[in-house]
Amino acid sequence: MTTSGRQATAPALSGQLVDRVRNRLAAAGVAVSPGAVAAAVRADSDGVLADLQVLSALRELQRELIGAGPLEPLLVDPETTDVLVSGPDQVWVEQAGELRRTEVRFTDADAVRRLAQRLALAAGRRLDDASPYVDAALPGGVRLHAVLPPIATGCTCISLRVLRPTTHGLDALQAVGSVSPEAAKLLRAIVAARLAFLVVGGTGSGKTTLLAALLGCVPAGERIVCVEEAPELAPEHPHVVRLTTRAPNVEGAGEVTLRDLVRQALRMRPDRLVVGEVRGAEVCELLSALNTGHQGGAGTLHANSPAEVPARLEALAALGGMARNALHSQLAAAVHVVLHVVRRDGARELAAVGVLERGSELVRVLPAWQDGRWGPGKQQLHDLLEARGAAC
């Protein structure tokens, strides 16, 4: 066959390969790259395609399988935190704490579905009628969640969260008003005293940002081991080890959970063990670790107020088989302080500092500082700091 003949037949071949190659890459659980696509094309064709045919198929498949299409300009904007698609003409973006509808349009619902499937494939995951939803990390620091119809009514729903490493130090947060000078002094004392703490708040309230800033206050001679579902923590510290979870492939194999990583982190000689977000049974391992000499550990937790933290941890510990009384015993010995962050009118700020107090059986969070005023837990917090030589 002549070269021109091969070129003429390549487009038809590549069009037929798209679905098979997509499924092959998803089953392999590998990231989409030119090399991976080329290997999948050759494997699918049993090596019978000529080089020019492979090149043509590769070009078409890259257009089909790589990129965020019309959403790309929104994702690359440094102000964007979330991009949400709920219909062909319903594309929303959150920037600077404000959610607004954009002018971005898709041709139809099928175009939204194709984009969702392409993004899922880029994350090495499968999204089709047999697996109608996906939650995965995309290359470049974007978290993908997508749901196909009929689970999502009317149109495929896509949620993209841009995960930018948090590198703001405590001084920077103080400069923008997120932390008052008095609160900053208190936070530095908590870190210096190696008190274990949890940063709590709602979605997008700035929990990870504050945690990263506090880790930047850890002495340079200490080793920090961070465990996360997605790589968000990037503290300004010379000795940070970061471990990230891995989702299972389409066969259900290869999963690495937060609970697995907490266990591994304990064998890595951490001075400070940090869990980016406590959201499941890993709370059992974390509390056990903080009770066995790993002082100054930290994590973040979704909770609406400091007072709700014990109940929230009860629910998570139950997933790991820990009884209520056991959880409260572990919690009283393992965690000292709760830091509550909120988002008000688009601005993120530290709203409260609480100290954990053990009652006759259960633990409660006693307000020590709230909205610039000291609370009933002030003396207990100062006693903790003084006992460790870090009074503020």
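The structure this text deals with has already been given above.
Residues numbered from 1 in each chain as written. Predicted model: local features only at pLDDT ≥ 70, side-chain atom pairs only at ≥ 80, totals over all residues. Heavy atoms only, no water.

A count of helices and strands for the protein gives 13 helices and 15 strands. Within the protein, the proportion of its 392 residues that are buried is 46%. Residue pairs at least 24 apart in sequence account for 55% of intrachain contacts in the protein once pairs closer than 6 positions are excluded. Surface accessibility of the protein: about 17,800 Å² in total, with carbon and sulfur atoms responsible for 50%. (Helix = DSSP H or I, 4+ residues; strand = E, 2+ residues; numbered from the N terminus. Buried < 20%, exposed > 50% of the residue type's maximum accessible area, 1.4 Å probe, protein only. Contact = heavy atoms within 4.5 Å. Areas by Shrake-Rupley, 256 points an atom, 1.4 Å probe, with all protein chains shown as cover.)

Here the second largest pocket defines a volume of roughly 770 Å³. R125, A137, T245, R246 and A247 are the residues nearest the centre of the second largest pocket, which is lined by 35 residues in total. At the level of secondary structure, the elements contributing two or more residues to the lining of the second largest pocket comprise β4 (133–138), β5 (142–147) and α9 (258–265). Counting residues per element, the lining of the second largest pocket draws most heavily on β4, which supplies four residues. Of the residues contributing to the lining of the second largest pocket, the split by class is 18 nonpolar, eight polar and nine charged. (1 Å grid on protein atoms, 1.4 Å probe; cavity = no way out; pocket = protein on both sides within 12 Å on 5 of 7 lines; lining within 4 Å. Points joined across faces, edges and corners; volume = space filled by probe spheres on them. Nonpolar A, V, L, I, M, F, W, Y, C, P; charged D, E, K, R; others polar.)

Under the definition given, this model contains one cavity of 30 Å³ or more. There is about 40 Å³ of room inside the largest cavity. Looking at the largest cavity, the residues that line it are L198, V278, V283, L286, L287, L290, L313 and V335. Sorting elements by how many residues they give to the lining of the largest cavity places helix α10 (residues 282–290) first, with four residues.

The next point concerns the pairing of strand β8 (residues 224–228). Counted residue by residue, β8 has five buried out of five residues, so it is predominantly covered. Of the two faces of β8, the one carrying I224, C226 and E228 and the one carrying V225 and V227 are both buried. Here five bridges tie β8 to strand β9 (residues 240–244), and the two strands are oriented parallel to one another. If you follow E228 over to β9, its bridge partner there is T244. Where β8 meets strand β10 (residues 272–275), four bridges bridge the pair, whose relative direction is parallel. Counted as the bridge partner of I224 is R272 from β10. (Pairing = 2+ DSSP bridges.)

What follows concerns the sheet that holds strand β13 (residues 347–358). Read across the sheet, nine strands follow the order β9-β8-β10-β11-β7-β12-β13-β14-β15 without closing on themselves; strand pairing throughout is mixed. In the strand order of this sheet, the two ends are held by β9 and β15 (373–374), each with one partner. Against the sheet, helix α7 (residues 181–192) contacts β7 (197–201), β10, β12 (337–344), β13, β14 (363–370) and β15, and its axis sits at roughly 45° relative to β13. Of the strands in this sheet, β13 and β14 are in contact with helix α12 (residues 324–334), which crosses β13 at around 110°. (Axes fitted to C-alpha atoms, helices over the stretch in contact; angles between N-to-C directions.)

Looking now at the pairing of strand β11 (residues 298–302). Side-chain positions along a regular strand alternate between the two faces of the sheet. Burial within β11 is extensive, with four of its five residues counted as buried. As paired elements, β7 and β11 share five bridges and run parallel to each other. The residue of β11 that forms the bridge with G201 is H302. By the bridge criterion, two bridges tie β10 to β11 in an arrangement that is parallel. The partner of V275 across the bridge, within β11, is G299. In this fold, β10 hands off to α10, which returns the chain to β11; that crossover is right-handed. (Right-handed = clockwise from strand over helix to strand, strands pointing away.)

For the rest of this paragraph, the subject is the packing of helix α11 (residues 309–319) against α12. With their axes 10 Å apart at the nearest point, α11 and α12 run at an angle of 120° to one another. Taken as axis vectors, α11 and α12 run oblique relative to one another. As for how α11 packs across α12, the hand of that crossing is right-handed. Judged by residue contacts, P310, L313, E314 and A317 of α11 engage R324, L327, H328 and L331 from α12. Taken together, the residues that form the contact of α11 with α12 break down as five nonpolar, one polar and two charged. (Parallel < 35°, antiparallel > 145°, perpendicular 65-115°, else oblique. Left-handed = near helix turned anticlockwise from the far one by under 90°.)

With that settled, the discussion passes to the sheet that holds strand β3 (residues 98–101). Pairing is antiparallel across the open sheet formed by six strands, whose spatial order is β3-β2-β1-β6-β5-β4. Each edge of the open sheet is held by one strand with a lone partner, namely β3 and β4. The mean inter-strand angle of the sheet, taken between neighbouring strand axes irrespective of direction, is 15°. Bridge analysis of strand β2 (residues 90–95) against β3 gives four bridges, and the strand direction is antiparallel. Across the sheet, the residue bridging to W92 is R101, located in β3.

Moving on, we get to α7. With twelve residues, α7 should cover 16 Å at 1.5 Å per step; its first-to-last C-alpha distance of 17 Å lies within 8% of that length. Every buried residue of α7 is accounted for by A183, A184, L186, L187, A189, I190 and V191. A positive phi of about 60° marks R194, the residue just after α7. (Expected span 1.5 Å × (residues − 1).)

The topology assignment puts R272 in strand β10. For R272, a relative accessible area of 1% gives the class buried. Side-chain polar atoms of R272 contact the backbone oxygen of V191, separated by 3.0 Å. (Polar contact = N/O pair within 3.5 Å; in protein donor to acceptor, adjacent residues only side chain to side chain.)

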